[in-house]
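Examination of the molecular architecture
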Amino acid sequence: MKRILTLLFCAGMALTAQQALRRAPGFALSDGITGQIRDLYDYRGKVVVLEFMMTTCPHCAVFADILGEVHQKYAGRVEVISIANTNNDNPNSVKQYAAGHKVGYPILFDMGQMEYSYVQKPNVDLPHVYVIDANGYIRSDYGYSITTREIFEGRGLFTEIDRALNAVNSSKK
């Protein structure tokens, strides 16, 4: 019995480690404000904070302020990108949202394919955030819930970003 439990534990840990370091799917999407095409490849060598959001989501609005702080604090080392789904948002709603929250990072439009390639299930809790390391691997991801409030409403995201930056720095040594 002890052997079976140990085997199950090791298999679970291996699966968790494999999921935590999965390669971030690529994308090329239109910026909802400038119309410019943005590609994940454009940000290689930097940590990327990728958020799936909706302009009418109250939790996304709170998180926008935290992402703005991330954008300023880690300028040059970390890129922030938000993704809005065209089923829920349009250029006007994104422009109003960006102006109202003083968003200085890109908000890209997705028709659902990119969201599905990241989330890998039909429904997503919004906001949903991914921290992608400089090598293009997903270090962590969180959907909004009562257990992840520290990420979306507190300082937890900064801890995750620091871990991803430290992983980059330690791999260069």
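Residues numbered from 1 in each chain as written. Predicted model: local features only at pLDDT ≥ 70, side-chain atom pairs only at ≥ 80, totals over all residues. Heavy atoms only, no water.

Some words on the environment of Ser117
Assignment of secondary structure puts Ser117 in helix α4 (residues 113–119). Distance in space between the C-alpha atoms of Ser117 and Gly26 is 9.1 Å, their sequence separation being 91 residues. Excluding residues within four positions of it along the chain, Ser117 makes contact with Arg22 and Pro25. (Helix = DSSP H or I, 4+ residues; strand = E, 2+ residues; numbered from the N terminus. Contact = heavy atoms within 4.5 Å.)

A closer look at the nonpolar core
Buried together is how nonpolar side chains tend to be arranged in soluble globular proteins. With 31 residues, the main nonpolar core has Val49, Val70, Val78, Ile107, Leu157 and Ile161 as its most contacted residues. Among the secondary structure elements, those contributing two or more residues to this core are β3 (47–53), α2 (58–73), β4 (78–85), α3 (91–100), β5 (107–110), β6 (128–132), α5 (149–153) and α6 (156–172). Element by element, the count of residues in this core is highest for α2, at six residues. Ignoring anything within four residues of it in the chain, the contact list for Ile161 reads Val49, Val70, Tyr74 and Val78. If you look at the next biggest cluster of nonpolar residues, it comprises 18 residues, including Ala24, Val48, Tyr118 and Tyr130. (Core = buried A, V, L, I, M, F, W, Y, C linked by side-chain atoms within 4.5 Å. Buried < 20%, exposed > 50% of the residue type's maximum accessible area, 1.4 Å probe, protein only.)

Some remarks on the pairing of β6
Burial of β6 is extensive: five of the five residues sit out of reach of the surface. Across the two faces of β6 the burial is the same, with His128, Tyr130 and Ile132 and Val129 and Val131 all buried. Note that β3 and β6 share five bridges and pair antiparallel. Bridging from a neighbouring strand, Glu51 pairs with Val129 of β6. Joining the antiparallel neighbours β6 and strand β7 (residues 138–143) is a turn of five residues, in which Gly136 adopts a positive phi near 90 degrees. (Pairing = 2+ DSSP bridges.)

Things to note about α2
With 16 residues, α2 should cover 22 Å at 1.5 Å per step; its first-to-last C-alpha distance of 24 Å lies within 8% of that length. Among the residues making up α2, those that are buried are Cys60, Ala61, Phe63, Ala64, Ile66, Leu67 and Val70. (Expected span 1.5 Å × (residues − 1).)

Things to note about the confidence of the model for the protein
A low pLDDT means the predicted coordinates there should not be read in detail. Confidence in the prediction of the protein, expressed as mean pLDDT, is 87, and 85% of residues score 70 or more. Counting contacts from residues 5–18, a segment whose pLDDT is below 50, to residues more than four positions away or on other chains yields zero contacts. (pLDDT = per-residue confidence, 0-100.)

Considerations on the sheet that holds strand β1 (residues 28–31)
Here we have seven strands laid out as an open sheet, ordered β2-β1-β5-β4-β3-β6-β7, and mixed in their pairing. Among the strands making up the open sheet, the edge pair consists of β2 (37–39) and β7. Along the sheet, successive strands turn relative to each other by an average axial angle of 30 degrees, direction set aside. Relative to β5, β4 is paired through four bridges, and the arrangement is parallel. (Axes fitted to C-alpha atoms, helices over the stretch in contact; angles between N-to-C directions.)

A short note on the side chain of Ser93
Looking at where Ser93 falls in the secondary structure, it is placed in helix α3. Polar contacts involving the side chain of Ser93 include one to the side chain of Asp89, which spans 3.2 Å. (Polar contact = N/O pair within 3.5 Å; in protein donor to acceptor, adjacent residues only side chain to side chain.)

Details of the pattern of salt bridges
As enumerated under the stated definition, the model contains six salt bridges in all. Across the pair Glu69 and Arg155 runs a salt bridge whose closest N-O atoms are separated by 2.8 Å. In this pair, Glu69 is assigned in helix α2 and Arg155 in the loop between α5 and α6, connecting sequence segments 86 residues apart. Among the ionic pairs, Asp133 bridges to Arg139, the shortest N-O distance being 2.9 Å. (Salt bridge = Lys/Arg side-chain N within 4 Å of Asp/Glu carboxyl O.)

Quick word on the packing of aromatic side chains
Counted under the stated rule, the structure contains six aromatic pairs. On the numbers, 6.0 Å between centres and 85 degrees between planes, the contact of Phe52 with Tyr130 is edge-to-face. Of this pair, Phe52 sits in strand β3 while Tyr130 sits in strand β6, placing them 78 residues apart in sequence. On the basis of relative accessible area, Tyr130 is assigned to the buried category, the value being 1%. The rings of Phe52, Tyr118 and Tyr130 are connected pair by pair, giving a single aromatic cluster. Lying over the aromatic face of Tyr137, Arg23 brings its terminal NZ or CZ to 4.4 Å of the ring centre. Between the NZ or CZ atom of Arg155 and the centre of the ring of Phe158, over which it lies, the distance is 3.9 Å. (Phe/Tyr/Trp six-rings, centres within 6.5 Å; stacked < 30°, edge-to-face > 60°. Lys NZ or Arg CZ within 6 Å of the ring centre and 35° of its normal.)

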